[in-house]
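Here is how the chains run, residue by residue.
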Amino acid sequence: MSCCLSLSCLQSFLILVSISLLIFYKWATSTFDFFAKRNIAFDKPIPLFGNLGEVVFQKGTLFHVVRRLYSKYKKRKYFGRFNLRMPFLTITDLELIKQIGVKDFLHFSNHTPFIDADDEPLFGRSLLMLKDQEWKDMRATLSPAFTGNKLRQMLPLISKCCQNGCDYLKEQSAREGHVEMDIHQLFIKFIIDMIATTAFGVEINSLKEEDNKFYKTAERVIHPSLWTTIRMFLYVICRKLMKLLGLSLIDENLKTYLRSLVIDTIKHRAENGIIRPDMIHLLMQAQQGKISPQEPQDESDHGFAAVEESPFGLRSVNCKWSDEDIAAQCFLFFTAGFATTSLTLGFCAYEIMANPDVQKKLITEIDETRKMLNGRPIAYEDLQKMKYLDMVISEVLRKWPPQPFNDLAGLHYDPEYWPDPDKFDPERFNDENRQKIKPFSYLPFGIGPRNCIGSRFALMVMKLMVYSLLSEFTLEKSSKTQVPLVLVAIGFQHSAKGGFWMKIKPRNI
Ligand code: HEM
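Residues numbered from 1 in each chain as written. Predicted model: local features only at pLDDT ≥ 70, side-chain atom pairs only at ≥ 80, totals over all residues. Heavy atoms only, no water.

### Structural notes on helix H4 (residues 62-73)
- Its 12 residues place the ends of H4 16 Å apart at the C-alpha level, agreeing with the 16 Å of an ideal helix rising 1.5 Å per residue.
- Residues of H4 that are buried make contact with helix H3 (53-56), strand S1 (78-83), helix H18 (387-399), helix H19 (408-411), strand S5 (487-490) and strand S6 (493-496). (Helix = DSSP H or I, 4+ residues; strand = E, 2+ residues; numbered from the N terminus. Expected span 1.5 Å × (residues − 1). Contact = heavy atoms within 4.5 Å.)

### Re a nonpolar patch on the surface
- On the surface, a nonpolar cluster with roughly 580 Å² of combined accessible area is contributed by Leu7, Leu10, Phe13, Leu14, Val17 and Leu21.
- Take Phe13: it is sitting in helix H1 (residues 2-28). (Patch = residues over 30% accessible without salt bridge, like charges linked within 9 Å, V, L, I, M, F, W, Y side chains within 5 Å. Areas by Shrake-Rupley, 256 points an atom, 1.4 Å probe, with all protein chains shown as cover. Salt bridge = Lys/Arg side-chain N within 4 Å of Asp/Glu carboxyl O.)

### Brief notes about the pairing of S6
- Note: S5 against S6, 4 bridges, orientation antiparallel. Residue pairing across strands places Val488 opposite Ser495, the latter belonging to S6.
- Here S5 folds back onto S6, and the loop between the two strands holds 2 residues, one of which, Gly491, carries a positive phi near 60°. (Pairing = 2+ DSSP bridges.)

### A word on the site of the ligand
- Near the ligand you find 26 residues, and of these His111, Trp135, Arg139, Arg450 and Cys452 are the closest.
- One of the side-chain nitrogen or oxygen atoms of Trp135 is found 2.7 Å away from an oxygen atom of the ligand.
- At 2.7 Å from an oxygen atom of the ligand is found a side-chain nitrogen or oxygen belonging to Arg450.
- Going through the elements one at a time, helix H7 (132-142), helix H15 (323-354) and helix H21 (455-472) are the ones with two or more residues in the shell around the ligand.
- The dominant element in the shell around the ligand, judged by the number of residues it contributes, is H15, at 7 residues. (Near = heavy atom within 4 Å. Polar contact = N/O pair within 3.5 Å; in protein donor to acceptor, adjacent residues only side chain to side chain.)

### Structural notes on the packing of aromatic side chains
- Within this structure, the stated rule accounts for 26 aromatic pairs.
- Note on Phe146 and Phe333: the rings are 6.3 Å apart at their centroids and 25° apart in plane angle, and the pair reads as stacked. One end of the pair, Phe146, is in the loop between H7 and helix H8 (148-173); the other, Phe333, is in helix H15, with 187 residues separating them in the sequence.
- Ring-pair connections join several aromatic residues into one group, and the members of that group are Phe32, Phe34, Phe35, Phe42 and Phe82.
- Above the face of the Phe34 ring, Arg38 is positioned so that its terminal group lies 3.7 Å from the ring centre.
- When the ring centre of Trp501 is taken as origin, the NZ or CZ atom of Lys480, which lies over that ring, is 3.9 Å away. (Phe/Tyr/Trp six-rings, centres within 6.5 Å; stacked < 30°, edge-to-face > 60°. Lys NZ or Arg CZ within 6 Å of the ring centre and 35° of its normal.)

### A few points about the pairing of strand S7 (residues 501-506)
- Across 4 bridges, the pairing between strand S3 (residues 179-182) and S7 is antiparallel. Looking at S7, one finds that Glu180 is bridged to Lys503.
- Relative to S7, strand S4 (residues 473-476) runs antiparallel, the two being bridged by 4 bridges. Within S7, the position partnered with Glu476 by the bridge is Lys503.

### Some details on the packing of H15 against H18
- Where H15 meets H18, the closest approach of the two axes is 10 Å, and the angle between their N-to-C directions is 110°. Here H15 is positioned roughly perpendicular relative to H18, judged by the angle of their axes. Considering only the axes of H15 and H18, their crossing is right-handed. Mapping the contact onto sequence places Thr344, Phe347, Cys348, Glu351 and Ile352 in H15 and Val392, Ile393, Val396, Leu397 and Lys399 in H18.
- Its residues placed into classes, the contact of H15 with H18 shows 7 nonpolar, 1 polar and 2 charged. (Axes fitted to C-alpha atoms, helices over the stretch in contact; angles between N-to-C directions. Parallel < 35°, antiparallel > 145°, perpendicular 65-115°, else oblique. Left-handed = near helix turned anticlockwise from the far one by under 90°. Nonpolar A, V, L, I, M, F, W, Y, C, P; charged D, E, K, R; others polar.)

Purely geometric numbers; function is a separate question.
Following this line, the structure appears as structure tokens:
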């Protein structure tokens, strides 16, 4: 009797497990007919992970996946892939890229809303996630913050962070005559300090005092805990479940700290009449309706890779933004500006180190500039006159575009547009060759009205850092340097396996 009972219990249990597995399988693959229904080419996805199996299991990077799929399907003009369960279309045809990104922009004006404003305003209310009219208004509000004029004023704040980085290297190299390190770690701290001073109005030196609260908080944003990573994964694959469980995406303490930092600073500055050339000041002006639209005649040369602001960003707006909205735009520097800029600097240092001829030419240009400056600190215009520096940065952004979804991994390595694409060759961007670059084959900062609002800012930051670094140091291979560089997946992004190790030696000048 009891044996019969346990047998039927076991049967019921097995049936329940089978039904649950079947439901889970159905759900995990429910989007997978998306491209087949529309007759779009795609590679067969695997349940739950889509085409990212090798990325999730650390066998490859999204960069490699997209490059492979691009070569396979280039002739089809576009192809599909599944980022986990989400269908994602990559366009390979230049005319079609132009049509979608520019001509028909109004039909494709919103980014994929990964994070809903109601779920997480600090992410969801940022320019990156806003939609339709709200996006247009916020873009026009923020756009004046990134004009040549504002960048000129912000430059000394960033220069100070570069100097802190160089002082640290000098100190570290004093004993052995050099410092051997993963230079990405230096750039991470430099970018955090740079974000603190330009976006949040806080001056810190994380290389000297790692214990400061801003750095500690930033670390939690950029190196999320396992629990935060699980919550993010859950959110991407099934946000309804997150809601049901009442789980929030970002840690409450972290949100409270960053939000109150912005709001308290606004209050303190308003009460004490403090004016500082940073993002908070600009957002305060926006809140008071004192912002003037971007001057369309800003014709300065901001670098080859820089993108133009469209008429959407040049309009005059008069919106009343809430404190939450203001805090979300400062937080944007982390979400859109941190990994992109620090990683590009890592790849840039690697290429400079691995290509001694490039390093020599760059140092010659830097020394000539310093001679011309005759002890005066470098200004925005001086930086823009450095043609070879611009060529090097442009080539780094071709070879290592730090886009979250890596769509450029195909286009930027297409031998039809970039002969010998794996070669690092800044000459692709010299005066003569840049005329021959096919329009829309080079898109490090995106395309059309929704392009990167921070392109000029990012170029200025990266150029200043390279200028400061090579003014005082040379970069050489060390026993830990990986040649050739091996990529490792970090979520949808990638970095150098083991880090960007090199020997940094003070120059004898
Ligand atoms: C090397 C550095 C950077 C690269 C390569 C980069 C690249 C990009 C790209 C490809 C896009 C998407 C454009 C599109 O959807 O077509 C984008 C958007 C954006 N980027 Fe950057 N970015 C960089 C640094 C920064 C920095 C420092 C900021 C500072 C605030 C920033 C702010 C933004 C914002 C706000 C958007 C969304 C614009 C909108 O939706 O209107 N980026 N970026």
